[in-house]
Amino acid sequence: MHAFLRRVIAPVLLWLAVAPPAMAQQQGPLVLAAASLQESLSQAASIWAAQGHPRPVLSFAASSALARQIEAGAPADLFVSADEPWMDAVASKGLIVAGSRTTFLANRLVLVAPADSRASLRILARFPLARALGRGRLAMADPDAVPAGRYGKAALEKLGVWSTVAGKIARAENVRAALALVERQEAPFGIVYATDAKASAKVRVAGIFPEDSHPAIIYPIARLRTSKHRDAEAFRHFLLSPQGMAIFARHGFTPYQARHAQRR
């Protein structure tokens, strides 16, 4: 098995190994979620547990890796993707419960630099990103598969910049890995979501991508056909409730309906 897939699937396999059906019900539903949701979804799970429910088990990775994991038969309960195409891929194979899919969150794309950097770029057509990088590399999630990387590549292509930086990309397995490269100052710039930048004190926003430079950044959630946990649907509803949405808003996400209305 590919090393990356082993790292992604291992937590789920471990959970399955130590959690027979009765214990699984005590531990809460298994949620496979995009890496950018780490802080917000973890807080939501904690608040849900504080209300007397078993705490959900959360597994974070790139949406692409999670979708492949689901397609390989991982018996999880919920899937939260950072884009529609990977949810479409899972749905096309009949792996989600009909009627359970909802698009509920939106995000923004930003350029980040290390916190002590004074770099700032106005992101417009043909902005001088290659020159700002110098001999450094641009950290971003894999632009061929991971949603954050695909959004980033689409923006750079539309702005006429991709061809000037394509040879300087530091490809990361997910958006948080790209963020980490900038945090460790291994890359002078990175493309991440606004919520990732908000979650880290080690980076600063050096520029904000125009919303019309890339497809809308939206997050769908669905219950999986393999779901057997009694709390799976209830937790999904909690995340979509006003209380759940308020948690995501505190972490910088925008309700999908509000962002969609703004873009129209």
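Preceding block: the structure.
Residues numbered from 1 in each chain as written. Predicted model: local features only at pLDDT ≥ 70, side-chain atom pairs only at ≥ 80, totals over all residues. Heavy atoms only, no water.

What follows concerns the sheet that holds strand β6 (residues 138–141). The sheet built from 5 strands is open, its strands ordered β7-β6-β8-β5-β9 with mixed pairing. Looking at which strands have only one partner, the edges of the open sheet turn out to be β7 (169–172) and β9 (203–208). Put simply, the sheet's adjacent strands are angled 35° from each other on average, direction ignored. Two strands pair when backbone bridges link them, and β6 and β7 are joined in this way by 4 bridges, in the parallel orientation. Looking across to β7, one finds that A141 is bridged to A172. Relative to the sheet, helix α7 (residues 147–158) contacts β5 (109–114), β6 and β8 (189–193), its axis offset from that of β6 by approximately 125°. (Pairing = 2+ DSSP bridges. Helix = DSSP H or I, 4+ residues; strand = E, 2+ residues; numbered from the N terminus. Axes fitted to C-alpha atoms, helices over the stretch in contact; angles between N-to-C directions. Contact = heavy atoms within 4.5 Å.)

Quick look at the packing of helix α3 (residues 38–50) against helix α11 (residues 232–240) now. Direction vectors running N to C along α3 and α11 enclose 115°, while the axes themselves pass 11 Å from each other. Remark: the crossing between α3 and α11 carries right-handed chirality. Where α3 abuts α11, its residues L41, A44, A45, I47 and W48 lie against A234, F235, F238 and L239. By residue class, the composition of the contact of α3 with α11 is 9 nonpolar, no polar and no charged. (Left-handed = near helix turned anticlockwise from the far one by under 90°. Nonpolar A, V, L, I, M, F, W, Y, C, P; charged D, E, K, R; others polar.)

Another aspect to go through is the pairing of β6. The alternating pattern of β6 places L138 and M140 and A139 and A141 on opposite faces, both of which are buried. Across 3 bridges, the pairing between β6 and β8 is parallel. The residue of β8 that forms the bridge with A139 is G190. (Buried < 20%, exposed > 50% of the residue type's maximum accessible area, 1.4 Å probe, protein only.)

Considering the arrangement of structural elements, one finds S213 in the loop between β9 and β10 (218–223). Reaching out from S213, the side chain makes a polar contact with the backbone oxygen of P210 at a distance of 2.6 Å. Not counting chain neighbours up to four residues away, the residues in contact with S213 comprise A154, A155, K158 and L159. (Polar contact = N/O pair within 3.5 Å; in protein donor to acceptor, adjacent residues only side chain to side chain.)

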